[in-house]
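Structural characterization, general
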Amino acid sequence: MLALGAKNAMQMDGGGSSSLFIQQKNMLSYPALRKNAVFLGFY
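Just so it is clear, the structure is predicted and the values come from calculations on it, not from any experiment. Each chain carries its own residue numbering, running from 1 in the direction its sequence is written. With the structure being a predicted model, the display of local features is reserved for residues of pLDDT at least 70 and the display and counting of side-chain atom pairs for 80 or more, all residues being used for whole-chain, interface and lining totals. As a convention, hydrogens and water are excluded, and side-chain values are obtained from all of the structure's heavy atoms.

1. Focus: the overall build of the chain
Only DSSP runs of H or I covering at least 4 residues are called helices, and only runs of E covering at least 2 are called strands; the numbering of each starts at the N terminus. Counting its regular elements, the chain contains zero helices and two strands. Within the chain, the fraction of its 43 residues that count as buried is 5%. With an accessible surface of roughly 4600 Å², the chain has 58% of that area assigned to carbon and sulfur atoms. Relative accessibility under 20% of the residue-type maximum defines a buried residue, over 50% an exposed one, and the middle range a partly exposed one, all with a 1.4 Å probe and only protein chains included. Note that accessible areas follow from Shrake-Rupley with a 1.4 Å probe, and for residues the cover is restricted to the protein chains shown.

2. A short note on the environment of Phe39
Its place among the elements puts Phe39 in the segment after strand S2 (25-26). For the pair Phe39 and Ser17, spaced 22 residues apart in sequence, the C-alpha to C-alpha distance is 10.0 Å.

None of the figures reported here should be taken as evidence of function without further support.
What follows is the structure, encoded as structure tokens:
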């Protein structure tokens, strides 16, 4: 991340409940394997 110019970064676990939505569109090539109770989002 430093090589990309980031000043701060956060690593998520990327497990079966991971989701990535950008402008209300799922950006992952696979569906979430289980329901998600908590989300971290950026707008």
